[in-house]
Amino acid sequence: MATVDATINDLRLEGQALVCSISLTGDAGGYGNAMLLVYDGSGVEHGRTDLGSMWVGQPWDANLDLPHSLPDGDYGAWIYVNPTASDGQAGQQVQQGISFLVGRGHIFPSTEAPDERTHQAAPAISFLRLEGTWIVFDMINHESFDVEVVHELTISDMVPTDVAKMNGRELVRAGATQQAHYLLPDTLADGKYLVDVMVSAEGSDRSTMGMAEIEVDGAAVTLVKTGL
């Protein structure tokens, strides 16, 4: 079984920016997707930024601008990295946070430990499948109550460089299985692409990941492999 592990190193504030390095180790072909989340002391989200993808062995030094025009107050910034092995097996998500203060439009470091937000279990999802030129997957709500679900699909080439990003939101009924559909862009050049899906309950940072590899050859689109 292929493996991949992620590490976030030396997360800190430098001036008005958030700085860290991210590394991925494991079998060749593994990759990771990173995300930055900013929220205030009451848990209200003020920014969610997809930081893109990186490969195993590819060092990544981040210098990230925090959201502008934040009201004065206490804040937390968290970086999440979701690794995926070359066989599509999801690795262990890693995360690291830092607190900061905003006063009169400027960002200041804080010595307070960052509060980790509570997590709601994400809906389960099926393997991604291709129906014509649609990427389709099932979302399964195992809860006894309706869940507002947000999902995002990213298409990247084999570099990897993001080629397209789409997102959606829908209510998944209690105990129900519902489909999500994404129409592939008709501008994809011939070649192979990675398709990543991230699904989470609204307001939660715990996500479920899905992955597939597709190949475009003219008007024909083929599902090469799929995995979770």
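In this report, the structure presented in the accompanying data block is examined. (Residues numbered from 1 in each chain as written. Predicted model: local features only at pLDDT ≥ 70, side-chain atom pairs only at ≥ 80, totals over all residues. Heavy atoms only, no water.)

**Here we look at unusual backbone geometry**
The condition is simple: Each helix corresponds to a stretch of at least 4 residues labelled H or I by DSSP, and each strand to a stretch of at least 2 residues labelled E; elements are numbered beginning at the N terminus.
Positive phi is not limited to glycine here, since Asp 10 has a value of about 55 degrees. Looking at the secondary structure, you find Asp 10 in strand E1 (residues 4–14).

**A short note on the side chain of Asp 196**
Note the cut-off: In protein, a polar contact means a hydrogen-donor-capable atom and an acceptor-capable atom, both N or O and within 3.5 Å, with residues adjacent in sequence counting only if both atoms are side-chain atoms; elsewhere, any N or O pair within 3.5 Å suffices. Residues count as neighbours in contact if any of their non-hydrogen atoms are within 4.5 Å of one another.
With respect to the element layout, Asp 196 can be found in strand E15 (residues 191–201). Only 2.5 Å separates the side chain of Asp 196 from the side chain of Tyr 31, close enough to count as a polar contact. Each residue touching Asp 196, except ones within four places of it in the same chain, is listed here: Tyr 31, Asn 33, Glu 152, Leu 153, Thr 154, Ser 156, Gly 210 and Met 211.

**Comments concerning the nonpolar core**
Heads up, the condition is: Working definition of a nonpolar core: buried Ala, Val, Leu, Ile, Met, Phe, Trp, Tyr and Cys residues. They are joined through side-chain atoms within 4.5 Å. Each residue gets one of three labels from its accessible area relative to the maximum for its type: buried under 20%, exposed over 50%, partly exposed in between, using a 1.4 Å probe on protein chains only.
One finds Leu 18, Ile 22, Ile 79 and Phe 100 to be the most contacted residues of the largest nonpolar core, which totals 29 residues. Secondary structure elements with two or more residues in this core: E1, strand E2 (17–26), strand E3 (31–40), strand E4 (45–55), strand E5 (60–65), strand E6 (73–84) and strand E7 (94–103). Looking at this core, the element that brings in the most residues is E1, giving 5 residues. Leaving out residues up to four positions away in the same chain, Leu 18 has contacts with Leu 11, Arg 12, Leu 13, Leu 36, Ala 62, Asn 63, Leu 64, Leu 66, Ala 77, Ile 79 and Ile 98. Of all hydrophobic cores here, the second largest spans 24 residues; its members include Val 149, Val 172, Tyr 193 and Ala 212.

**Thoughts on the packing of aromatic side chains**
Geometry of an aromatic ring pair is reported as the spacing of the ring centres plus the angle between the planes. Basically, it comes down to this: Aromatic contacts are taken between Phe, Tyr and Trp rings whose centres are within 6.5 Å, Trp giving its six-membered ring; a plane angle under 30 degrees counts as stacked, one over 60 as edge-to-face, and the others as tilted.
In total, this model carries 3 aromatic pairs according to the counting rule given. For the ring pair Tyr 31 and Trp 55, a centre distance of 5.8 Å and an interplane angle of 65 degrees mean the geometry is edge-to-face. Here the residue Tyr 31 occupies a position in strand E3, and Trp 55 occupies one in strand E4, the gap between them amounting to 24 residues. Here Tyr 31 and Trp 55 have matching classes, each one buried.

**Topic: the side chain of Thr 208**
Note that Thr 208 resides in strand E16 (residues 207–217). Only 2.9 Å separates the side chain of Thr 208 from the backbone oxygen of Pro 123, close enough to count as a polar contact. Excluding its chain neighbours within four sequence positions, the residues that come into contact with Thr 208 are Ala 122, Pro 123, Ile 125, Val 197, Met 198 and Val 199.

**Details of the sheet that holds strand E8 (residues 106–109)**
Sheets are built from strands that pair by backbone hydrogen bonding, the pairs being arranged parallel or antiparallel. We apply this condition: Whether two strands pair depends on DSSP finding at least two bridges between them. Interaxial angle, 0 to 180 degrees, is taken between N-to-C directions of lines fitted to C-alpha atoms, where a helix line uses only the stretch in contact.
Strand order in the open sheet made by the 5 strands is E4-E3-E6-E7-E8, with antiparallel pairing throughout. The strands lining the two open edges of the sheet, one partner per strand, are E4 and E8. Each adjacent strand pair in this sheet contributes to an overall mean axis angle of 25 degrees, direction not counted.

**Details of the sheet that holds E2**
Pairing is antiparallel in the open sheet, where 3 strands are placed in the order E1-E2-E5. What marks the edges here is a single partner per strand, and that holds for E1 and E5. Between one strand axis and the next, the sheet turns by 20 degrees as a mean value, whatever way the strands run. When E1 meets E2, the two strands line up antiparallel, connected through 9 bridges. Its bridge partner lying in E2, Leu 13 is registered against Leu 18.

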